[in-house]
Amino acid sequence: GCRGPQAVFSPSGDALIVDGKVKGLWRLEMDDETLRFMAEGNLGHHARIPFAVAFRELESGDETSMVMVAPQRDLHGYLQVFQTHLSGGGRLGLGGGKVHHYAPTVSADGRLLAYVQAEFDDHASEAPFENLYLMPLDQPERGAIHLTGRRGGRPGQGPVFVGDGHQLVYIADGRVKRLEIADD
């Protein structure tokens, strides 16, 4: 069985990805209803922010695998964005620090990740101030680039890549904003 309110279907719809009762991410296979361990980690969620995941294909030599990009809780309880291989074989953290990282979105070509970072009181009623970041997934060692800030923490605010991945849209101050992403 699963614990927690979050679960997500794999992009092909052949499995449901859930948190385990004890620990780890599990795949509930749709064809034979078996539950298989996928990787360490969890589906990070928080009552103050909307839940979001993204997927991308990762090429390694002659093989292509699907990767889930989603917030997961770290050892200190903060949400951090991780890449987790759907076929098993591990995960990679893409951020860190004593702030929350969430709302990941991946460009259509799988090269760029946009996400939100915020520090907030778990029990406050005011929406947190969020910073939007952009990170090259093919060179994560370059780090993330700060794009802009906004008052946030509400469902449907984005960010979301549109078109060919050279534009990022989000809502700030009650208005739809669009950022052009340049190739470098």
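Residues numbered from 1 in each chain as written. Predicted model: local features only at pLDDT ≥ 70, side-chain atom pairs only at ≥ 80, totals over all residues. Heavy atoms only, no water.

### Some details on the side chain of Gln 83
We apply this condition: Labels follow the DSSP assignment, with helices taken as runs of H or I lasting at least four residues and strands as runs of E lasting at least two, numbered in each case from the N terminus. Whenever a nitrogen or oxygen atom comes within 3.5 Å of another N or O atom, the pair is scored as a polar contact, on the condition that within protein one atom can donate a hydrogen and the other can accept it, and that pairs from neighbouring residues in sequence are kept only if both atoms are in side chains.
Structurally, Gln 83 is set in strand E7 (residues 79-85). Engagement of the side chain of Gln 83 in a polar contact is seen with the side chain of Arg 56, the distance being 2.7 Å.

### Considering the sheet that holds E7
What counts, and what does not: Only strands that DSSP links by at least two bridges are regarded as paired with each other. Fitting a line to C-alpha atoms yields each axis, with helices limited to the stretch in contact; the angle taken between N-to-C directions then spans 0 to 180 degrees.
If you trace the four strands from one edge of the open sheet to the other, you get E5-E6-E7-E8, paired in antiparallel fashion. Only two strands of the sheet have a single neighbouring strand rather than two, namely strand E5 (54-60) and strand E8 (91-93). When the angles between neighbouring strand axes are averaged without regard to direction, this sheet yields 30°. Inspection of the sheet shows strand E6 (residues 63-73) paired to E7 by seven bridges, in the antiparallel sense. Directly across from Pro 71, in E7, lies its bridge partner Val 81.

### Overview of the environment of Asp 173
Where we set the bar: Relative accessibility decides the category of a residue: with a 1.4 Å probe and only protein chains considered, values under 20% of the type maximum give buried, values over 50% give exposed, and everything between is partly exposed.
Along the polypeptide, Asp 173 turns up in the loop between strand E14 (167-172) and strand E15 (175-180). On the basis of relative accessible area, Asp 173 is assigned to the exposed category, the value being 65%. For the pair Asp 173 and Leu 79, spaced 94 residues apart in sequence, the C-alpha to C-alpha distance is 24 Å.

### Remarks on the pairing of strand E2 (residues 15-20)
Most of E2 sits out of view: six of its six residues are buried. Alignment of E2 against strand E3 (residues 25-29), held across five bridges, turns out to be antiparallel. When the sheet's bridge partners are listed, Val 18 is paired in E3 with Trp 26.

### Points about the pattern of salt bridges
Formally: A pair is scored as a salt bridge if a Lys or Arg side-chain nitrogen falls within 4 Å of a carboxyl oxygen belonging to Asp or Glu.
Taken as a whole, this structure holds seven salt bridges when the rule is applied. Note that Arg 150 and Glu 130 form a salt bridge whose closest N and O atoms lie 2.7 Å from each other. Residue Arg 150 is found in strand E12 (residues 145-151), and its partner Glu 130 is found in strand E11 (residues 129-136); the two are separated by 20 residues along the sequence. Taken individually, Arg 150 and Glu 130 each receive the classification buried, so the pair is uniform in this respect. Among the ionic contacts, a cluster of salt bridges with common partners joins Asp 14, Arg 27, Glu 29, Asp 32 and Arg 36.

### With respect to the pairing of strand E10 (residues 112-118)
Buried residues dominate E10, accounting for seven of its seven residues. Of the two faces of E10, both are covered, the one formed by Leu 112, Ala 114, Val 116 and Ala 118 as well as the one formed by Leu 113, Tyr 115 and Gln 117. Here five bridges tie strand E9 (residues 100-106) to E10, and the two strands are oriented antiparallel to one another. Bridge assignment links Tyr 102 to a residue of E10, and that residue is Val 116. With antiparallel pairing between neighbouring strands as the criterion, E9 and E10 make up a hairpin whose turn holds five residues, including Gly 110 at a positive phi of roughly 75°. By the bridge criterion, seven bridges tie E10 to E11 in an arrangement that is antiparallel. Paired with Ala 114 across the two strands is Leu 134, which belongs to E11.

### Overview of empty space enclosed by the protein
Summary: where empty space remains is shown by rolling a probe the size of a single water molecule over the atoms. Applied cut-off: With a 1 Å grid spanning the protein atoms alone, the term cavity applies to any set of points in which a 1.4 Å probe fits but cannot get out, the term pocket to an open set with protein on both sides within 12 Å along at least five of seven lines, and the term lining residue to any residue with an atom within 4 Å of a point. Grid points are joined across faces, edges and corners, and a volume is the space filled by probe spheres set on the points. Note on residue classes: Ala, Val, Leu, Ile, Met, Phe, Trp, Tyr, Cys and Pro are nonpolar, Asp, Glu, Lys and Arg are charged, and everything else, Gly too, is polar.
Scanning all chains against the criterion turns up one cavity of 30 Å³ or more. Counted as a void, the largest cavity has a volume near 30 Å³. For the lining of the largest cavity, the residue count by class is one nonpolar, three polar and four charged.

By themselves these figures say nothing about function.
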